[in-house]
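Secondary and tertiary structure notes
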Amino acid sequence: MGEQNEPLIRLENLVKIYDTGAIKVLGLKKINLTIERGEFVAIMGHSGSGKSTLMNILGCLDRPTLGHYFLDGEDTSAMTPDALSDIRNRKIGFVFQSFNLISRTSALKNVELPMTYARIPKARRTARAKELLERVGLGARKEHMPNELSGGQRQRVAIARALANEPPLILADEPTGNLDTAASVEIMELFTALHREGTTVVLVTHEEDIAAFAQRVIRFGDGRILSDEKNEAPAGGGDTGRAEGPAAGEEARHAD
Ligand SMILES: Nc1ncnc2c1ncn2[C@@H]1O[C@H](COP(=O)(O)OP(=O)(O)OP(=O)(O)O)[C@@H](O)[C@H]1O
Ligand SMILES: [Mg+2]
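Residues numbered from 1 in each chain as written. Chains lettered and ligands numbered in written order. Predicted model: local features only at pLDDT ≥ 70, side-chain atom pairs only at ≥ 80, totals over all residues.

Identification of the protein as ABC transporter ATP-binding protein from Candidatus Enterocloster excrementipullorum is taken from an unreviewed UniProt entry.

Turning to the nonpolar core, a few remarks are in order. Residues Ile43, Val111, Leu133, Leu171 and Phe191 are the most contacted members of the largest nonpolar core, which totals 61 residues. Each residue touching Leu133, except ones within four places of it in the same chain, is listed here: Ala107, Leu108, Val111, Leu138, Gly139, Lys142 and Ala160. (Core = buried A, V, L, I, M, F, W, Y, C linked by C-beta atoms within 7 Å. Buried ≥ 20, exposed ≤ 12 C-beta atoms within 10 Å, placed from the backbone. Contact = placed C-beta atoms within 7 Å.)

What follows is about the sheet that holds strand β1 (residues 9–19). With antiparallel pairing, four strands are arranged side by side in an open sheet as β2-β1-β4-β5. Looking at strand neighbours, the two that pair on one side only are β2 (24–35) and β5 (74–75), the edges of this open sheet. Of the pairings in the sheet, the one linking β1 to strand β4 (residues 66–71) comprises five bridges and is antiparallel in character. Residue Glu12 lies in a different strand from β4, and its bridge partner there is His68. (Pairing = 2+ DSSP bridges. Helix = DSSP H or I, 4+ residues; strand = E, 2+ residues; numbered from the N terminus.)

To continue, consider the site of ligand 1. Within the structure, ligand 1 sits among Tyr18, Thr20, Val25, Gly27, Gly45, Ser47, Gly48, Ser49, Gly50, Lys51, Ser52 and Thr53. Mapped by element, the contributors of at least two residues to the shell around ligand 1 are β2 and α1 (51–58). With three residues, the top contributor of residues to the shell around ligand 1 is α1. When grouped by side-chain class, the residues that make up the shell around ligand 1 number two nonpolar, nine polar and one charged. (Near = placed C-beta within 6 Å. Nonpolar A, V, L, I, M, F, W, Y, C, P; charged D, E, K, R; others polar.)

On to the confidence of the model for the protein, then. Note: predicted coordinates in regions of low pLDDT should not be interpreted at a detailed level. Mean pLDDT over the protein: 91, with 91% of residues reaching 70 or higher. Predicted confidence is poor over residues 241–256, with pLDDT under 50, and the contacts of this stretch with residues over four places away or in other chains come to nine contacts. (pLDDT = per-residue confidence, 0-100.)

In this section: the packing of helix α3 (residues 107–117) against helix α5 (residues 151–162). As a packed pair, α3 and α5 sit with axes 8 Å apart at the nearest point and diverge in direction by 30 degrees. Judged by the inter-axis angle, α3 sits roughly parallel to α5. The crossing of α3 and α5 is right-handed. Contacts from Ala107, Asn110, Val111, Leu113 and Pro114 in α3 reach Val157, Ala160 and Arg161 in α5. For the contact of α3 with α5, the class distribution of residues is six nonpolar, one polar and one charged. (Axes fitted to C-alpha atoms, helices over the stretch in contact; angles between N-to-C directions. Parallel < 35°, antiparallel > 145°, perpendicular 65-115°, else oblique. Left-handed = near helix turned anticlockwise from the far one by under 90°.)

Once that is clear, we can look at the environment of Asp62. Tracing the backbone through its elements, the reader meets Asp62 in the loop between α1 and β4. On the neighbour-count criterion, Asp62 (17 C-beta atoms within 10 Å) is partly exposed. Along the backbone, Asp62 and Lys16 are 46 residues apart, and their C-alpha atoms lie at a distance of 9.5 Å. Setting aside residues no more than four positions away along its own chain, Asp62 makes contact with Asn56 and Ile57.

Turning to the environment of Ser184, a few remarks are in order. With respect to the secondary-structure elements, Ser184 resides in helix α6 (residues 181–196). Not counting the four nearest positions on each side in its chain, Ser184 is found in contact with Thr176, Leu179 and Ile210.

At their nearest, the axes of α5 and α6 sit 9 Å apart, and the two run at 20 degrees to each other. As summarised for this structure, α5 and α6 are arranged roughly parallel, according to the angle between their axes. In the crossing of α5 with α6, the sense of the turn from one axis to the other is right-handed. Residues Gly151, Gly152, Gln155, Arg156 and Ile159 of α5 touch α6, and the partners they reach there are Ala183, Glu186, Ile187 and Leu190. When its residues are assigned to classes, the contact of α5 with α6 shows four nonpolar, three polar and two charged.

Overall, mixed pairing links the six strands, which are arranged β6-β7-β8-β3-β9-β10 in an open sheet. Two strands lie at the open edges of the sheet, namely β6 (92–96) and β10 (224–230), each paired on one side alone. Strand-to-strand, the axes of this sheet are offset by a mean angle of 15 degrees, without reference to chain direction. Contacting β6 and β7 (169–173), α5 runs over the sheet at an angle of about 165 degrees to β6.

Turning to the environment of Ala172, a few remarks are in order. Position of Ala172 relative to the elements: it lies in strand β7. A tally of 26 C-beta atoms within 10 Å means that Ala172 is categorised as buried. When the C-alpha positions of Ala172 and Arg154 are compared, they lie 14 Å apart, and in sequence the two are 18 residues distant. Dropping the residues within four chain positions of it, Ala172 is found in contact with Val95 and Leu203.

Next up, the structure:
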């Protein structure tokens, strides 16, 4: 368990240098960033600005060259590859642009897979995978293979899989990049629902309409943070319905 008074993500003077031999590319230049538990954050920025570099580090798939990354209070910068893969399995769910499902394997088995790695007994993981597929609206598609599903449905399977081990953090790199508008909106509504339930969601997108679902938008340029702004009226309704008290929309009305 992490330190509850620590933010979920804290980056301290984080630098990533890609050393390709002939030249060194500065992927990230001294990033300082804090993301609290339960935030819903969109990362934007032009191609090559460092978004995927950041996501790879946040996902413990890559390590910073300099500086520190504290995940749930733990400094990942000095961790061994084994410790990193352990923290990744426990704390992070990934969603990719290209879904990355295992072909010729049912939706149900795809969702079960991370639980197999986590050594959850068969009966429990099947029950949980069914529950998760129902949760993402695919209760009737459990036995379908990925190639028997639409793009939006595949991405919903991928989200169910990302949730398998109940990670506090979901990372998504252009999750709607291969989807049409209607499917994209459905996926963003699903992320909004997860955020309402308390999951921290960080996603990369090139589209303003998609970023509009997040509570906070961070713009990157050339390996640096250019801006970091709160979105007071997220497209999916933000926190509406999360708390017992008045919904966000009502508060806004009282305020004027
Ligand atoms: N493995 C690598 N080796 C060398 N340079 C890299 C590597 N990965 C990324 N870079 C460089 O780091 C910089 C940031 O790349 P990154 O992939 O993070 O950009 P991005 O913002 O995700 O772009 P896109 O929107 O096109 O996905 C770029 O200049 C890129 O060329
Ligand atoms: Mg990228």
